[in-house]
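Here's the letter readout for the chains.
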Amino acid sequence: MSTTTAGVIFILSLLAALAVAYRYLGDYLFRVVAAERHGRVERGIYRALGVDPDAEQSWGVYARSVLAFSLVSILGLYAFLRLQDLVFRVPDFAASIDERVFPHLAWNTAVSFVTNTNWQAYSGESTMTHLVQMAGLAVQNFVSAAVGIAVAVALVRGFARRKSERLGNFWVDLTRITLRILLPIAAVAAVLLIVGGVVQNLTDGTAATTLTGAQQHLTGGPVASQEAIKELGTNGGGFYNVNSAHPFENPNAWTDWLEIFLLTVIPFALPRVFGRMVKDNRQGYAILAVMAIIAVAGVALTNVFELQHAGTVPQAVGAALEGKDVRFGVSNSATFAAATTLTSTGAVNSFHDSYTALGGMMPIVNMMLGEVAPGGVGSGLYGMLIIAVITVFVAGLMVGRTPEYLGKKIGAREIKFASMYFLITPALVLIGVAAAMATGNWSTQLNVGPHGFSEVVYAFTSAANNNGSAFAGITVNTPWWDTALGLAMLLGRFLPLIFVLGLAGSLARQAPVPASAGTLPTHKPLFIGMVVGVVVILVALTFLPALALGPLAEGL
Amino acid sequence: MTVTSVATPNPRREARKVGGGLLDPKQLWKSLPDALRKLNPATLWRNPVMLIVEVGAVFTTLLAITQPSWFSWAITVWLWLTVLFANLAEAVAEGRGKAQAATLRNAKKDTMARRLIGWSEGAAATQYREESVAASALAQGDVVVVEAGQVIPGDGDVVEGIASVDESAITGESAPVIRESGGDRSAVTGGTKVLSDRIVVRITQKPGESFIDRMIGLVEGANRQKTPNEIALNILLAALTIIFLLAVVTLQPMAIYAKAWQGAAPDTASFGPAGISGIVLVSLLVCLIPTTIGALLSAIGIAGMDRLVQRNVLAMSGRAVEAAGDVNTLLLDKTGTITLGNRQAWEFLPAAGVTPAQLADAAQLASFADETPEGRSIVVLAKEQYGLRAREEGLMPHATFIPFTAQTRMSGVDLAENGEVRQIRKGAASAVMKWVRDNGGHPSDDVGPAVDAISGQGGTPLVVAELAAGQPARALGVIHLKDVVKSGMRERFDEMRRMGIRTIMITGDNPLTAKAIADEAGVDDFLAEATPEDKLALIRKEQEGGRLVAMTGDGTNDAPALAQADVGVAMNTGTSAAKEAGNMVDLDSDPTKLIEIVEIGKQLLITRGALTTFSIANDIAKYFAIIPAMFAVVYPSLDTLNIMRLSSPESAILSAVVFNALIIIALIPLSLRGVRYTPSSASKLLTRNLWIYGLGGIVAPFIGIKIIDMVISLIPGIS
């Protein structure tokens, strides 16, 4: 079986599995977020938090709850990381200065995990203790994902409700999503990964003798449990430095398949929740279709560019295999790279920096699209709905009515929130890149020119979009980079989130206008095509100059 | 007595209209001074997109002065032209309104008013005195007297008397209208002229806030406020502008890095070690920000109002015009809107033993003296169906006509023929039947059922009977009078339905009659036996469901409903209360116009959306022109993107800037006229506009820039 055929089968079977999950997982997610009753454990949590689970919140209160929770998370994780460095550090563990958790790294890492970015400016296996991995990072892997889903659900409630000030209760959403959705699926996935060969232990590691006779320390740890939620919650922070390219994290092709499935399954199932909640499944299918079209195009183009293996060395060698593991081959690596950047995961099973110029551009473009196809858990859906709102606005004017989406009018207030949402990420990326170039914070000697520039673009695109994958090549564990990227992650997560909730609030307040023949249908292919067009054109227009100086200059 | 002015098109009104949409080049020239005045940043700040272009133009002017070259001067000139063209678009749109305002001002001459002190209703002439004051000094509540030949000094209601008034200054309609105290035709407008008789008017306006003042303000667009959709669109455009501003500003450090790395690349005037030249960066910025829609946005809004004015409709705010496009439900009065003003004879149903022609003849004879529209329609129907020539009243010396009275409820004629008198009566079924019985006759068996059948269909049955000498009276048959639905209404309503608008007919008729007419006209629903309260409740109910409602009205009792409706069109013939309550006034007092108003509202929104799409789609081609032009000198491989094969980097950038400016001028006529609108479903409209303005917006600049580049490359001494 040629690598191309294998790649196609890999992708098609994934699509089939995701299609099944859309329906069934989607319905389950809907039941969870729409449920009336509280579980016993949940009631205990609400009592401990002092929350009345049946009191719903206005958008302002919801947003404040999200921010307060996240602030506490960041401070807690920061303290935990610093504590590890100062107190719990095993003497030989931090032998190298590079493996210390300095304040700037602790800040960067805390922000990174709370914002669901999981950008890692450190090597997991050498810098972090098992305790921090399990009690610090893994916890955030769960709750940061739950925050994303909760906000998406709140936005959908905005569409679904009529003349209401209430968007639900953040604490209830957070608890339920964590306990009823993420934990059970992650548990099953962890077992499957262990079956596939992913390690799960609490040892310090084993010493091994390599083929050449050298001694090597093979780090062990609770990898499978971490790996499951890393993918499921579109987090992406690897237990090991090389992430899913490490054989203990991702031993073979089918675990690779499973990991891609896990990182796309919730984002692809959430449009179903949207369809169910607004009582029109066709709307869910339409959003799914937009996501699927862009995702398939992104995966296909990455594959095509990598399989063409343009460039002097790949042409001479006959394949673009640098930075890819032969366990996965070119195609599956390209698919993983596309999937991880189309979502906000950022896990990698190959090194994007080593991709061909245009193949390496694709992960950047995927992230620049705003990670909406299907995007991060929750963030993908709300990002896509914002794009849909903007599309509705322009398209709605063209049918001669005040634009409305699902009967909700898109007026000045709504378009203000939507515009600010889509302003944030490009602003952070462009300002960040320009600042890095202006201050000389670019790559090492080895990576200069267009490729070195691409690395900088990649870093800020990844941080601002809360992806977390990297082009590597740059030494990012410096105060400047840790601070700058930390800010990009923080603002790139929470400002959009506030705007999303603001939009949800103003939508919920409206009484929907009944649909008629004069209403723009938002479930038809024409609209789906328009949303795809808006996603692509807005991004192309914003980032084309930057892309021209990076991957395009290198690859054309 | 009610007298309706008969609307006949007249040359004067046609002359008052400003050219129907086609742009007269002379108008551009005439608007140039205004356009130049608008370059003032204090004026331009209302339009952030164009303000940025102006700031860019100032910047490039400074650069061109310090480092002169043909390229920097060419770019500078075209950037200034871009701003100027945008101002020109607005100035032209406003110019049309100004012409109309000038006509109106003529009507607002200083008049003297004859104020009555101590006047009260029914007071004798001795109980009050008269004084002469300037019209501008009149206060609300003052009472004035106006006699033939005098100009009414202010808006008000007639409280005594009746007069014919020339309202052509406002409506452009030269046929005089009747204004009388009481009822729904009591409102008079300041500046109009009394042609006959004498009326006493109570002033209802505040000084300086007359109808004409408001009209002048509206057509001039002096206090034009941005409409909700315009505000929302402006926010989106501002966001896009910020993004492109960021993209351009942040480009410089990136470009400097690229240049430093490619040390071997030659320095050029536009791209040296210090980065890209300011001229090129400003050009890129101006090309990317949505200047096309930014330049035309306010012109589109003004032109939308203007299109209404040209149809003799005054919208009190742009918001109302926009709301018209959003309307979900139209409330239409039956009479005058859906049906012709009056019931008309539809068919003759003869009784047994009577031929249709006999019945028609008798009915016609009985109707000669009947000057009501119903009566005349009987004469016409008899003539059309049976060739019965209308006989003039004067030609029938032996006829004595019996007029209709409320007591007898019938009319007729007594014909003296050969010394014998033949009486013919026509009227309400019960009255005529009684007359037949009183005169010894028996109504035949088929008359009763025919009467019932007509009533059941919502028509009005008139029975015709005769009494010839020496015979008992007999019923000849029944005339079926029915409401005649105006031609083309069904098609209009079908159109409305395709647009997603529900039409509801409002009528005072009983439900049976209402249903028959509703079915025939093809409206979606009807409200029968409607009182003003019912109307208001219906509007509230529709709005409760999130729908926007439009209606027309003229009477004082319509005022609450007009105020409640999202679009309330008051008839100019109506009361001042109605005109005050509505947010539009139709000077022609044509209720059917509501449908046109909705279409104009939609067209306004579509024009905005279409040009926004066009503007954004244009950027793709501009990138393909500018990016290779900027960067190919550093990274030659980027010349691959120069798919238009533009002749030189300078020419490419200049072509993009020139195209960007010219497209504004090219689209001025479209923004004034509005994009073509045919009522159809949202899907169809979107498909059509997306093809034309989306795809067209992508393709047009590729062609336009290429052509401009070819022209520029022909100019000697350049590149």
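So, how was this worked out
Residues numbered from 1 in each chain as written. Chains lettered and ligands numbered in written order. Predicted model: local features only at pLDDT ≥ 70, side-chain atom pairs only at ≥ 80, totals over all residues. Heavy atoms only, no water. UniProt positions renumbered as here; feature names shortened; annotations may be inferred. Helix = DSSP H or I, 4+ residues; strand = E, 2+ residues; numbered from the N terminus. Buried < 20%, exposed > 50% of the residue type's maximum accessible area, 1.4 Å probe, protein only. Contact = heavy atoms within 4.5 Å. Polar contact = N/O pair within 3.5 Å; in protein donor to acceptor, adjacent residues only side chain to side chain. Phe/Tyr/Trp six-rings, centres within 6.5 Å; stacked < 30°, edge-to-face > 60°. Core = buried A, V, L, I, M, F, W, Y, C linked by side-chain atoms within 4.5 Å. Pairing = 2+ DSSP bridges. Buried area = accessible area lost by both parts, 1.4 Å probe. Salt bridge = Lys/Arg side-chain N within 4 Å of Asp/Glu carboxyl O. Nonpolar A, V, L, I, M, F, W, Y, C, P; charged D, E, K, R; others polar. Patch = residues over 30% accessible without salt bridge, like charges linked within 9 Å, V, L, I, M, F, W, Y side chains within 5 Å. Areas by Shrake-Rupley, 256 points an atom, 1.4 Å probe, with all protein chains shown as cover. Lys, Arg positive; Asp, Glu negative; His and termini not counted. Charge placed at Lys NZ, Arg CZ, Asp CG, Glu CD. Expected span 1.5 Å × (residues − 1). Bend = angle between axes of the 7 residues up to and from the residue.

### Focus: the UniProt feature "transmembrane region" (unreviewed entry) in chain B
All names here are of chain B.
Then, number 1: According to UniProt, the positions carrying the feature "transmembrane region" (unreviewed entry) are residues 44-64, 70-89, 231-256, 276-302, 620-638, 650-670 and 690-715.
Then, number 2: With 86% helix and 0% strand, residues 44-64 has its two end C-alpha atoms placed 23 Å apart.
Then, number 3: Annotated as residues 276-302, this span is 85% helix and 4% strand, and its ends, taken at the C-alpha atoms, are 40 Å apart.

### Quick look at the environment of aspartate 446 of chain B
All names here are of chain B.
Then, number 1: Looking at the element boundaries, aspartate 446 is found in the loop between α15 (429-438) and α16 (447-456).
Then, number 2: Taking the relative accessible area as the measure of exposure, aspartate 446 reaches 32% and is therefore partly exposed.
Then, number 3: Sequence spacing of aspartate 446 and valine 478 is 32 residues, and the spatial spacing of their C-alpha atoms is 9.8 Å.
Then, number 4: What aspartate 446 contacts, discounting residues up to four positions off in sequence, is Pro350, Ala351 and Ala352.
Then, number 5: Of the polar contacts made by the side chain of aspartate 446, one reaches the backbone nitrogen of alanine 352; its length is 2.8 Å.

### Concerning unusual backbone geometry
Residue and element names in this part refer to chain A.
Then, number 1: With omega at -5°, the peptide bond leading from alanine 373 into proline 374 counts as cis.
Then, number 2: Locating proline 374 in the fold gives a position in the loop between α13 (357-368) and α14 (379-398).
Then, number 3: Phi angles above zero are rare outside glycine, and asparagine 118 is one such case at about 60°.
Then, number 4: Looking at the element boundaries, asparagine 118 is found in the loop between α4 (103-114) and α5 (124-127).
Then, number 5: The backbone of asparagine 243 shows a phi angle near 60°, a positive value even though the residue is not glycine.

### Some details on the side chain of serine 144 of chain A
All names here are of chain A.
Then, number 1: Locating serine 144 in the fold gives a position in helix α6 (residues 130-160).
Then, number 2: Here the side chain of serine 144 touches asparagine 116 through a polar contact of 3.0 Å, side chain to side chain.
Then, number 3: Ignoring any residue separated from it by four or fewer positions in sequence, one finds serine 144 in contact with Phe113, Val114, Asn116, Asn235 and Arg493.

### Details of the packing of aromatic side chains
Residues and elements named next belong to chain A.
Then, number 1: For the structure shown, the criterion picks out 23 aromatic pairs over all chains.
Then, number 2: With 6.5 Å between their ring centres and 45° between their planes, phenylalanine 274 and tyrosine 405 make a pair best called tilted. Here the residue phenylalanine 274 occupies a position in helix α9 (residues 253-277), and tyrosine 405 occupies one in strand β3 (residues 404-405), the gap between them amounting to 131 residues.
Then, number 3: Residue classification places phenylalanine 274 among the buried positions, given a relative accessible area of 0%.
Then, number 4: Aromatic ring contacts, followed pair by pair, group Tyr62, Phe69, Phe170 and Trp171 into a single cluster.

### Some points on the UniProt feature "binding site: Mg(2+)" (unreviewed entry) in chain B
Residue and element names in this part refer to chain B.
Then, number 1: UniProt feature "binding site: Mg(2+)" (unreviewed entry): in the numbering of this structure it lies at Asp554 and Asp558.
Then, number 2: Relative to the elements of secondary structure, aspartate 554 occurs in the loop between β21 (549-553) and α20 (559-564).
Then, number 3: Tracing the backbone shows aspartate 558 in the loop between β21 and α20.
Then, number 4: Residue class for aspartate 558 comes out buried when judged on its relative accessible area of 8%.

### Notes on the nonpolar core
Then, number 1: Of all hydrophobic cores here, the largest spans 320 residues; its most connected members are Leu182, Ile266 and Tyr405 of chain A together with Leu330, Met584 and Phe631 of chain B.
Then, number 2: Ranked by residues supplied to this core, first place goes to helix α22 (residues 593-631) of chain B with 21 residues.
Then, number 3: Excluding residues that lie within four positions of it along the chain, leucine 182 of chain A makes contacts with Phe142, Ala145, Ala146, Ile149, Ile177, Ile229, Leu232 and Ile266 of chain A.
Then, number 4: Judged by nonpolar contacts, the second largest core, of 42 residues, contains Ala345, Val464, Ala465 and Leu467 of chain B.

### Section: the pairing of strand β14 (residues 399-402) of chain B
All names here are of chain B.
Then, number 1: Taking every second residue as pointing to the same face, the buried face of β14 carries Ala399 and Phe401, while none of Thr400 and Ile402 on the other face is buried.
Then, number 2: As paired strands, β14 and strand β15 (residues 410-417) are joined by 4 bridges and run antiparallel to one another. Looking at β15, one finds that alanine 399 is bridged to leucine 415.

### Observations regarding the interface of chain B and chain A
Then, number 1: In this assembly, 59 residues from chain B lie in contact with 61 residues from chain A.
Then, number 2: Summed over both partners, the interface of chain B with chain A comes to about 5100 Å²; 76% of that surface belongs to carbon and sulfur atoms.
Then, number 3: Per-residue buried area on chain B facing chain A is highest for Met254, Tyr257 and Leu686 of chain B; these three make up 14% of the total on that side.
Then, number 4: At the junction of chain B and chain A, the tally comes to 1 salt bridge.
Then, number 5: As a salt-bridge pair, glutamate 544 of chain B and lysine 163 of chain A come within 3.9 Å of each other at their nearest N and O atoms.
Then, number 6: Taken together, the links from chain B to chain A amount to 12 residue pairs in polar contact (both at pLDDT 80 or more).
Then, number 7: Sorting the residues of the side of chain B that touches chain A by element identifies α8 (228-249), α9 (251-261), α12 (318-326), α17 (489-498), α22 and α24 (682-714) of chain B as the ones contributing at least two each.
Then, number 8: A per-element tally of the side of chain B that touches chain A places α8 of chain B first, with 13 residues.
Then, number 9: A breakdown of the residues in the side of chain B that touches chain A according to their chemical character gives 37 nonpolar, 15 polar and 7 charged.

### Quick word on the pattern of salt bridges
All names here are of chain B.
Then, number 1: Counted by the stated rule, this structure contains 48 salt bridges over all chains.
Then, number 2: With a shortest N-O distance of 3.8 Å, glutamate 542 and arginine 547 are connected by a salt bridge.
Then, number 3: In this structure glutamate 542 comes out as buried when scored by relative accessible area, which is 3%.
Then, number 4: Residue class for arginine 547 comes out partly exposed when judged on its relative accessible area of 26%.

### Topic: a positive patch on the surface
Then, number 1: Together, Arg37, Arg40, Arg43 and Arg47 of chain A give the surface a local cluster of positive charge.
Then, number 2: Structurally, arginine 43 of chain A is set in helix α2 (residues 40-49).

### Overview of helix α23 (residues 649-673) of chain B
All names here are of chain B.
Then, number 1: Taking 1.5 Å per residue as the helical rise, α23 with its 25 residues ought to reach 36 Å, and the 37 Å between its terminal C-alpha atoms agrees with that figure.
Then, number 2: The largest bend in α23 comes to about 40°, at leucine 667, with the proline proline 669 one to four residues further on.
Then, number 3: Summarising burial for α23: 18 of the 25 residues are buried, a large majority.
Then, number 4: Looking one or two residues past α23, glycine 674 carries a phi angle of roughly 90°, positive in sign.

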